[in-house]
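# Descriptive analysis of the structure
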Amino acid sequence: MAQKETSSKSRRWLGLSGAAVLVANLVLTGTTIAFQQEGEVNHALGIEGGDASYGGTEFSADGTLSDASYEKYIEAAYQFCEQEEEEGSVLLYNRNNALPLSESERNVTVFGRGSIDPVFRSTAGGSSTNPDYQKTPVDALQDAGFNVNQTVLDAYASAEAPKERSVSSVGEYDPALFTGSVTDSFASYGDVAFVTLSRFATEGNDLAMVNDKGKRMLELDDNEKAIFQKIKDSGKFKKTVVLLNSVFAMEMDWLDEYNVDAVLWVGNPGFYGMPGAIRVVTGEVNPSGHTTATFAANSLSAPSAENFGLHAYNYGSKTPRAAGDSFVSYNEGIYVGYRYYETRYEDTILGQGNADSAVGTKASTDGWNYAEEVCFPFGYGLSYTNYEYSLDKLDYNSDTDTFTATVTVNNTGDRDGKATVELYGQSPYTDYDKQNNVEKSSIQLLGYDKIDVAAGASETVTVDVPGYFLASYDAKGAKGYILDAGDYYFAVGNGAHEALNNVLAAKCGDAVAGKLIDQDGNVVTGNTAAVATWTAPNTEVDTQKYRNSRYNSDVEVTNTFDDADVNYWANDDEKITYLSRSAWDTTYPTTLETLTVNDKCCHRATRRKAYGASPEPL
């Protein structure tokens with residue numbers, strides 16, 4: 001009996017102790033939050049001006065959010081949204097300096113659904129907004145003093161609603177809305193035809209590569225083509241300016257066909273950012289944005305396109321798993337985005353790896369040709385002024401394993417601007433790499449900065465690069481990071497392609513004279529003053545320098561996810577070949593339509609045990 005009472009008392013004390021700990025934690029947490037948010041709490045309770053305060057901000061001296069500080073906060077948020085567009089919009093194309101527009105070019109006509117109904121953002125997260133404060137391209141143009149053709153706006157307002165905009169539908173208006181009376185209005189608003197092109201996708205809902213009509217989603221839709229043809233045929237417009245309202249790098253090989261004068265990539269501007277993009281159009285802001293992707297002439301020309309999307313497992317007589325029945329094959333390896341286009345360009349120029357073969361070509365007429373495959377390179381962007389870059393020196397601090405590049409930017413134009421300094425690097429591609437399937441991009445972004453440079457002035461900036469950025473992962477031989485012997489090149493330029501041309505000029509000299517081209521196919525010489533070289537101290541491949549983690553020297557960095565490779569599971573006749581620059585023609589990806597679920601794949605004993613679970617059917 002006494003034992004039962006003791007046990008009961010122990011349980012009560014344990015319960016009371018647990019409750020006390022919980023209450024203490026709640027009080028401590030609540031007190032901490034209350035002190036941190038004192039201004040907001042006091043404001044909510046209507047007890048302004050207490051003795052205590054939680055620091056000051058740019059919006060209020062004591063951190064409280066009064067009506068006045070709220071107004072400052074909201075205004076700063078609007079300004080930030082506009083600044084993002086001012087500095088992030090990319091001037092891709094500017095024929096005959098069509099932009100910025102002069103003050104006399106203010107009678108304009110807008111075309112495209114995106115002009116009145118843009119894609120502000122994806123639908124992944126974020127709060128709703130008051131539509132009265134949202135800024136479309138039309139709103140931003142009118143706020144900036146442009147006279148926008150009301151007849152065309154009325155035609156859009158009264159037209160039949162277009163197809164729903166989705167990841168597989170552009171949702172552009174039927175060009176039948178441009179009746180005779182509508183086109184007659186062009187002459188009075190013919191300074192500029194603004195065409196806004198939009199594309200939409202969101203989290204968990206990727207943009208389709210092709211739609212149900214077999215059209216690539218990043219090429220011009222038939223209704224979009226009709227808009228440009230209408231503008232061209234009318235002969236009423238002095239200039240045609242395109243606003244790319246899309247986070248995707250659209251196909252842009254049609255600019256000459258429709259006499260386009262300028263293209264500004266504004267991305268998804270958010271609900272309030274568009275006025276910032278229009279300030280670039282008027283010249284109030286000098287553009288300084290640069291591309292974050294390669295604009296290919298054919299959006300399916302990337303090797304990753306061959307296996308994009310989900311492919312079905314072949315279970316045969318086995319029971320499908322409940323978790324899913326699809327897989328993705330990454331045959332392209334490291335050659336994603338600019339790492340593919342620029343590496344294949346170098347190998348084409350140097351006659352390596354059969355890079356100039358027709359395998360993998362989508363836009364070239366006779367063998368792979370960079371200028372035909374690429375419209376605008378990664379990291380590229382125009383300005384209303386001109387910059388000259390020089391890489392003055394490159395220092396290496398062995399104690400911190402850090403490179404420091406000193407770069408001077410000279411503004412040779414007559415406009416103040418913001419110059420983006422992009423530092424790229426090239427690592428040697430050695431026989432060891434080829435033997436062990438270590439792939440190397442011919443150029444890679446290492447670091448960047450943006451600085452103000454006044455007209456006629458020059459500024460110097462330093463860019464730091466951790467040494468391990470030059471290392472490569474060797475999954476087959478060393479099973480860890482390696483540093484190859486040889487020369488490493490650092491270069492600056494207006495994008496990855498210009499930087500690579502600078503490297504090739506410094507590395508190859510006369511051997512590439514007359515062979516280097518820009519994205520338009522023009523022969524260039526490369527700027528050797530924008531290049532610096534560092535020679536690794538090791539004469540053989542170094543497998544130890546980066547063997548252990550830089551964050552915890554006791555941890556070895558080595559293969560852990562061998563079973564993430566489809567070849568780990570696949571039958572011999574379904575194993576894939578990864579793309580290699582040593583043989584572009586024979587390793588270029590082909591589509592792996594299905595993967596047989598064999599016994600090894602089905603039971604997954606090794607991987608299941610790693611997670612503390614017993615083997616079970618896939």
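Given the structure is predicted, the values throughout are model-derived calculations rather than measurements.

### Re the sheet that holds strand β11 (residues 387-397)
Strand order in the open sheet formed by three strands is β11-β12-β15, with antiparallel pairing between adjacent strands. For this open sheet the edge positions go to β11 and β15 (458-466), each flanked by a neighbour on one side alone. Going across the sheet, the axis of each strand differs from the next one's by a mean of 20°, ignoring polarity.

### Here we look at the packing of helix α10 (residues 338-350) against helix α13 (residues 496-508)
One can describe the packing of α10 onto α13 by two numbers: an axis separation of 11 Å at closest approach and a directional angle of 30°. It follows that α10 is roughly parallel to α13 by the angle criterion. Once α10 is placed against α13, the crossing between them reads as right-handed. The residues of α13 that touch α10, namely those facing Y338, E342, Y345, E346 and L350, are A496, H497, L500, N501, L504, K507 and C508. The residue inventory of the contact of α10 with α13, partitioned by class, reads seven nonpolar, two polar and three charged.

### Digging into the side chain of D433
Looking at the secondary structure, you find D433 in helix α12 (residues 431-435). A polar contact of 3.2 Å, which involves the side chain of D433, links it to the side chain of K440.

### Section: the pattern of salt bridges
Should their charged atoms come close, side chains of opposite charge can pair. In this structure the tally under the stated criterion is 24 salt bridges. In this structure, the salt-bridge partner of K215 is E219, at a minimum N-O distance of 3.6 Å. By the burial criterion, K215 is buried, and E219 matches it. Linked through salt bridges whose partners overlap, the residues forming this network are K215, R216, E219, D222 and E251.

### Re the nonpolar core
With 44 residues, the main nonpolar core has F111, L244, M252 and W254 as its most contacted residues. For this core, the secondary structure elements donating two or more residues are β1 (90-94), α6 (150-158), β4 (192-198), α8 (222-234), β5 (239-245), β6 (262-265) and β10 (374-376). Among all residues touching M252, those that are not within four sequence positions of it are L244, V263, F295, A296, C375 and F376. A302, A496, A505 and V531 belong to the second largest nonpolar core, which has 30 residues in total.

### Thoughts on the sheet that holds strand β20 (residues 594-596)
Reading across the sheet, the three strands line up as β9-β8-β20 and stay open at both edges, with mixed pairing between neighbours. Lying at the two open borders of the sheet, with one neighbouring strand each, are β9 (326-327) and β20.

### Details of helix α3 (residues 67-88)
End to end, α3 covers 31 Å across 22 residues, agreeing with the expected 32 Å (1.5 Å per residue, within 8%). Of the residues making up α3, those classed as buried are S69, E82, E85 and E86. Elements that come into contact with the buried residues of α3 comprise α9 (274-282).

### What about the confidence of the model for the protein chain?
Averaged over every residue, the pLDDT of the protein chain is 90; residues scoring 70 or more account for 88%. Predicted confidence for residues 1-5 stays below pLDDT 50, and this span has zero contacts to residues more than four positions away or in other chains. pLDDT under 50 marks residues 605-618. Its contacts with residues more than four places away, or in other chains, come to 19 contacts.

About the criteria used
- Numbering of residues starts from 1 in each chain and follows the order in which that chain's sequence is written.
- Two thresholds apply to this predicted model, a pLDDT of at least 70 for residue-level local features and 80 or more for giving and counting side-chain atom pairs, whereas whole-chain, interface and lining totals are computed over all residues.
- As a convention, hydrogens and water are excluded, and side-chain values are obtained from all of the structure's heavy atoms.
- When DSSP finds two or more bridges between two strands, those strands count as paired.
- Helix and strand definitions here come from DSSP, where helices need a minimum of 4 consecutive H or I residues and strands a minimum of 2 consecutive E residues; each element is numbered from the N-terminal end.
- Every axis corresponds to a line fitted to the C-alpha atoms, with the helix fit spanning only the stretch in contact, and the corresponding angles, defined between N-to-C directions, vary from 0 to 180 degrees.
- To sort the angles, those under 35 degrees are grouped as roughly parallel, those over 145 as roughly antiparallel, those from 65 to 115 as roughly perpendicular, and the leftovers as oblique.
- Handedness of a crossing follows from how the near helix is turned relative to the far one, being left-handed for an anticlockwise turn of less than a right angle and right-handed for a clockwise one.
- By definition in these notes, contact holds between two residues if any of their heavy atoms fall within 4.5 Å.
- Note on residue classes: Ala, Val, Leu, Ile, Met, Phe, Trp, Tyr, Cys and Pro are nonpolar, Asp, Glu, Lys and Arg are charged, and everything else, Gly too, is polar.
- Think of a polar contact as two N or O atoms within 3.5 Å of one another; within protein, one of them needs to be a possible hydrogen donor and the other a possible acceptor, and neighboring residues in sequence only count if both atoms come from side chains.
- Salt bridge, as applied in this entry: a Lys or Arg side-chain nitrogen positioned within 4 Å of an Asp or Glu carboxyl oxygen.
- Buried means the residue's accessible area, taken with a 1.4 Å probe over protein chains only, is under 20% of the maximum for its type, while exposed means over 50%, and partly exposed covers the values in between.
- Residue types Ala, Val, Leu, Ile, Met, Phe, Trp, Tyr and Cys, when buried and joined through side-chain atoms within 4.5 Å, form a set referred to as a nonpolar core.
- In a helix, the anticipated span is given by 1.5 Å times the number of residues less one.
- Per-residue confidence from the predictor is reported as pLDDT, a score between 0 and 100.

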